[in-house]
There are 2 protein chains.
Amino acid sequence: MKQQQLLLRERPNGLPDENTFEFAETDQGSPEKGEVLLKTLYVSVDPYMRGRMSDAPSYVAPFELGEPLTGGVVAQVIESNSDDLKKGDIVRGNLPFQEYHVQKPSHVSKVQTNGLDPSAALSVLGMPGLTAYFGMMHIGKPKEGETVVVSGAAGAVGQVAGQLAKQAGAHVIGIVGSEEKASYIKEKLGYDEAVEYKKDNFEEQLKNACPNGIDVYYENVGGEISDHIWPLLNTFARVPVCGAIASYNLEEGEKDIGLRVQQFVVKARVLMQGFIVGDFSDHYAEAYQELAKAVEKGKLHFEETIYEGFEKIPEAFLGLFSGANIGKQLVKVAEKE
Amino acid sequence: MKQQQLLLRERPNGLPDENTFEFAETDQGSPEKGEVLLKTLYVSVDPYMRGRMSDAPSYVAPFELGEPLTGGVVAQVIESNSDDLKKGDIVRGNLPFQEYHVQKPSHVSKVQTNGLDPSAALSVLGMPGLTAYFGMMHIGKPKEGETVVVSGAAGAVGQVAGQLAKQAGAHVIGIVGSEEKASYIKEKLGYDEAVEYKKDNFEEQLKNACPNGIDVYYENVGGEISDHIWPLLNTFARVPVCGAIASYNLEEGEKDIGLRVQQFVVKARVLMQGFIVGDFSDHYAEAYQELAKAVEKGKLHFEETIYEGFEKIPEAFLGLFSGANIGKQLVKVAEKE
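Residues numbered from 1 in each chain as written. Chains lettered and ligands numbered in written order. Predicted model: local features only at pLDDT ≥ 70, side-chain atom pairs only at ≥ 80, totals over all residues. Heavy atoms only, no water.

### Some words on the side chain of Asp-46 of chain A
Residues and elements named next belong to chain A.
Moving on, step 1. Relative to the elements of secondary structure, Asp-46 occurs in the loop between β3 (36-44) and α1 (49-53).
Moving on, step 2. Classification of Asp-46 as buried rests on a relative accessible area of 6%.
Moving on, step 3. Of note is the side chain of Asp-46, whose polar atom sits 2.6 Å from the side chain of Ser-44.
Moving on, step 4. Side chain to side chain, Asp-46 and Lys-328 meet in a polar contact 3.0 Å long.
Moving on, step 5. Asp-46 has contacts with Met-127, Pro-128, Phe-317, Leu-320 and Lys-328, leaving out every residue within four places of it along the chain. (Helix = DSSP H or I, 4+ residues; strand = E, 2+ residues; numbered from the N terminus. Buried < 20%, exposed > 50% of the residue type's maximum accessible area, 1.4 Å probe, protein only. Polar contact = N/O pair within 3.5 Å; in protein donor to acceptor, adjacent residues only side chain to side chain. Contact = heavy atoms within 4.5 Å.)

### Observations regarding the nonpolar core
Inside soluble globular proteins, nonpolar side chains tend to come together where they are buried.
Moving on, step 1. Membership of the largest hydrophobic core comes to 114 residues, with the highest contact counts inside it found for Tyr-217 and Trp-230 of chain A together with Tyr-217 and Trp-230 of chain B.
Moving on, step 2. Beyond its immediate chain neighbours, meaning those up to four positions away, Tyr-217 of chain B contacts Val-149, Ser-151, Ile-225, Ser-226, Ile-229, Trp-230, Leu-233, Arg-238, Val-239 and Pro-240 of chain B.
Moving on, step 3. Within the second largest apolar cluster, 43 residues are counted, among which are Val-124, Ile-185 and Cys-242 of chain A together with Leu-271 of chain B. (Core = buried A, V, L, I, M, F, W, Y, C linked by side-chain atoms within 4.5 Å.)

### A few points about the interface of chain A and chain B
Moving on, step 1. Contacts between chain A and chain B engage 39 residues on the former and 39 residues on the latter.
Moving on, step 2. Taken over both partners, the interface formed by chain A and chain B buries close to 3,200 Å², and the fraction arising from carbon and sulfur atoms is 57%.
Moving on, step 3. For the salt bridge of Asp-227 of chain B with Arg-260 of chain A, the shortest nitrogen-to-oxygen distance reads 2.8 Å.
Moving on, step 4. At the boundary of chain A and chain B, one finds 18 residue pairs in polar contact (both at pLDDT 80 or more).
Moving on, step 5. Here the side of chain A that touches chain B gets five residues from one element, more than from any other, and that element is helix α7 (residues 262-267) of chain A.
Moving on, step 6. Looking at the side of chain A that touches chain B residue by residue, the classes come out as 19 nonpolar, 11 polar and nine charged.
Moving on, step 7. Strand direction decides the pairing type here: strand β13 (residues 257-259) of chain A and strand β13 (residues 257-259) of chain B, joined by three bridges, are antiparallel. Bridge assignment links Gly-258 of chain A to a residue of β13 of chain B, and that residue is Gly-258 of chain B. (Buried area = accessible area lost by both parts, 1.4 Å probe. Salt bridge = Lys/Arg side-chain N within 4 Å of Asp/Glu carboxyl O. Nonpolar A, V, L, I, M, F, W, Y, C, P; charged D, E, K, R; others polar. Pairing = 2+ DSSP bridges.)

### Let's talk about unusual backbone geometry
Moving on, step 1. In this structure, Lys-141 of chain A takes a positive phi of about 45° despite not being glycine.
Moving on, step 2. As for its placement among the helices and strands, Lys-141 of chain A is situated in the loop between α2 (127-140) and β8 (147-151).

### What about the UniProt feature "domain: Enoyl reductase (ER)" (unreviewed entry) in chain A?
Moving on, step 1. Within this numbering scheme, the UniProt entry marks residues 14-331 of chain A as carrying the feature "domain: Enoyl reductase (ER)" (unreviewed entry).
Moving on, step 2. From the first C-alpha to the last, residues 14-331 of chain A spans 23 Å; its make-up is 25% helix and 27% strand. (UniProt positions renumbered as here; feature names shortened; annotations may be inferred.)

### Remarks on the packing of aromatic side chains
Residue and element names in this part refer to chain A.
Moving on, step 1. With the rule as written, the count across this model stands at 16 aromatic pairs over all chains.
Moving on, step 2. Ring plane angle 80° and centroid distance 6.1 Å describe the contact between Phe-21 and Phe-317, whose orientation is recorded as edge-to-face. With a gap of 296 residues between them, Phe-21 in strand β2 (residues 21-27) and Phe-317 in helix α9 (residues 313-322) connect regions that are remote in the sequence.
Moving on, step 3. With a relative accessible area of 7%, Phe-21 lands in the buried category. (Phe/Tyr/Trp six-rings, centres within 6.5 Å; stacked < 30°, edge-to-face > 60°.)

### Details of the environment of Leu-291 of chain B
Residue and element names in this part refer to chain B.
Moving on, step 1. Turning to its location among the elements, Leu-291 is positioned in helix α8 (residues 284-296).
Moving on, step 2. Since its relative accessible area comes to 0%, Leu-291 is described here as buried.
Moving on, step 3. Put simply, Leu-291 and Gly-145 are 146 residues apart on the chain and 22 Å apart in space, counted from C-alpha to C-alpha.
Moving on, step 4. Look past the residues within four positions of Leu-291 in its chain and what remains in contact with it is Val-124, Leu-125, Gly-129, Leu-130, Tyr-133, Val-160, Leu-164 and Leu-300.

### Quick look at the relation of the copies chain A and chain B
Moving on, step 1. Of the transformation superimposing chain A on chain B, the axial component is 0.0 Å and the angular component is 180°, with the fit at an RMSD of 0.0 Å. Put plainly, the chains are arranged around a two-fold axis.
Moving on, step 2. Mapped onto chain B, 100% of the interface residues of chain A again fall at the interface, so both copies present the same surface. (Least-squares fit on C-alpha atoms with pLDDT ≥ 70 in both.)

### Some remarks on the pattern of salt bridges
Moving on, step 1. Scanning all chains against the criterion turns up 34 salt bridges over all chains.
Moving on, step 2. Between Lys-143 of chain B and Glu-146 of chain B there is a salt bridge, with its nearest N and O atoms 3.9 Å apart.
Moving on, step 3. The class for Glu-146 of chain B is buried, based on a relative accessible area of 12%.
Moving on, step 4. Here the salt bridges do not stand alone but share partners, grouping Lys-86, Asp-89 and Lys-110 of chain A into one network.

### Some remarks on helix α3 (residues 158-167) of chain A
Moving on, step 1. In terms of burial, α3 of chain A is a largely internal element, eight of the 10 residues being buried.
Moving on, step 2. Of all the positions in α3 of chain A, only Gly-158, Gln-159, Val-160, Ala-161, Gly-162, Gln-163, Leu-164 and Ala-165 of chain A are classed as buried.

### A short note on the sheet that holds strand β9 (residues 171-176) of chain B
Moving on, step 1. Taken together, the 12 strands give an open sheet; going across it, the order is β10(A)-β9(A)-β8(A)-β11(A)-β12(A)-β14(A)-β14(B)-β12(B)-β11(B)-β8(B)-β9(B)-β10(B), and neighbouring strands pair in mixed fashion. Every other strand in the sheet has two partners, leaving β10 (193-196) of chain A together with β10 (193-196) of chain B as the edge strands with one partner each. Ignoring which end each strand starts from, the neighbouring axes of this sheet average 15° apart.
Moving on, step 2. Note: strand β11 (residues 214-218) of chain B against strand β12 (residues 233-241) of chain B, two bridges, orientation parallel. Within β12 of chain B, the position partnered with Ile-214 of chain B by the bridge is Leu-233 of chain B.
Moving on, step 3. Packing against the sheet, helix α4 (residues 179-188) of chain B makes contact with β9 and β10 of chain B, and its axis sits at approximately 165° to β10 of chain B.
Moving on, step 4. Across the sheet, helix α5 (residues 202-209) of chain B lies against β9 and β10 of chain B, angled at about 165° from β10 of chain B, the strand it touches most. (Axes fitted to C-alpha atoms, helices over the stretch in contact; angles between N-to-C directions.)

Here's what the structure looks like:
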């Protein structure tokens, strides 16, 4: 049996395009003793994958040319030769982007969906949810009455981060790229205010939304947006930095030039900390439990933008950089059986 | 009896100049019951004072126009109407820049000079020494074998910071502005290497000096120098930020533009933290003890650049911005009696 794979064809210089990707056919394979055959249900496309398309050193190894991209995948066991997983089980793993997988059970984790669609294991109960949780609760630590600003507020991470800050009693402002997203974060997520960065009066909007300055800036995007944040930071402000998507598609030799941050960091004694979820692996259980409980109680709303079909992965990935998605961007590859 | 004072005449726009300052005469005053009369021995000029010359909000209130500048002063009790201090005692305080002071003893601290000149209370055993200690030991936390880079390495703070990192077993590189300072930090302070930022090949020198990347960057200066640091930061690098002198003399409306830091902060999961000594006031005793012990054992070398005469304060202050000083810049106003 043949299946589709998505390979890295060319390392992009600047924004990835159709030459970056290549579809290929390969054998589906069959599980030996102790292995299972998985069918991909959902594939996660995430901004950090752009970094892996380059061969510069980073916190994850680069993708290999001519090899499948890998990333967050939710899959279902359709054949099992292992006692550890049975047919029908739903698992999550960091897996190659292909329709089927022959894997050892130890390479994936069984997912409890708690009545949610298994896609949640890649969004609110997966890496983006945990990223929001650790950045906001372990670094940002918003207190009652403080002002919290979240960039990329309608995205996979931002939608969770803002709600966590609201639950902590903060006044929460989201930065978004469209009116639709502004409505989404205010009406569905409970943000106090939305500020649209594509509008000419962005700086004025932001200042008006933060009359008491900013105590926590959840940094999701980088670039010019953040230049307007630094002068508003209050004493002992915290800045968790989980992404800088604005700089991911710089061309070779191009630099991300803007306001240097040091004068503001020293003046306001700011704590700025970059992190990835893996840095908090000791706290996975706590984070998962808090997020799952909040979802169950209806206190944590989340949305997903789902493209259908394996062939839509490149389009879904590229959409991340034009801000096409509300909530988590996913690709649905197959129905659960 | 009359005495000299140094007043803020005009708020500078950009680099301060002769119009910034004004000397004035005022009465020396005489101590009432419970007060002492102090004679200024040394005045400390420090880069952070530039911030107080502007009326922008910061961690210390702005100086008032037409009022004396204030800052670190070491003085001697020449007349005492208090049981708490006796004639001859040496004290340190945040005092107006004038030759004499009528003060309550509670407004100053008695200084133990441990056989050192009392100027040490404004340098290695004062604010600069404590700044170096807290930034390096409480934020930077260098480990054996790590690479530590200190900017402003030959200055009041840098000279102490680098030696503390050496004592922790790190490989220590200093960034300096002249050959003389390069020799100073290597020969007198024990830095492993010196890199001169005014040379054309600064970036190359820096890379060569840090073949294993940078684990701690003690940020003392900001500006273009630091732009070359960010790409070299290792995973979990720490960046204590105690100053950004490069940005202190920006003109109104001028911005400090350079490399944005976020992509490096997230890629290497950097911890960057701005601080002032007061943030660590719970640890003053520890810091003072460690520094005094190291000085006493001959393990902590320090130098001071001392201008003589009250009228030299403006010149000494301005020299900070052209990098005139090696070690702590002080002005000696009078001899100890």
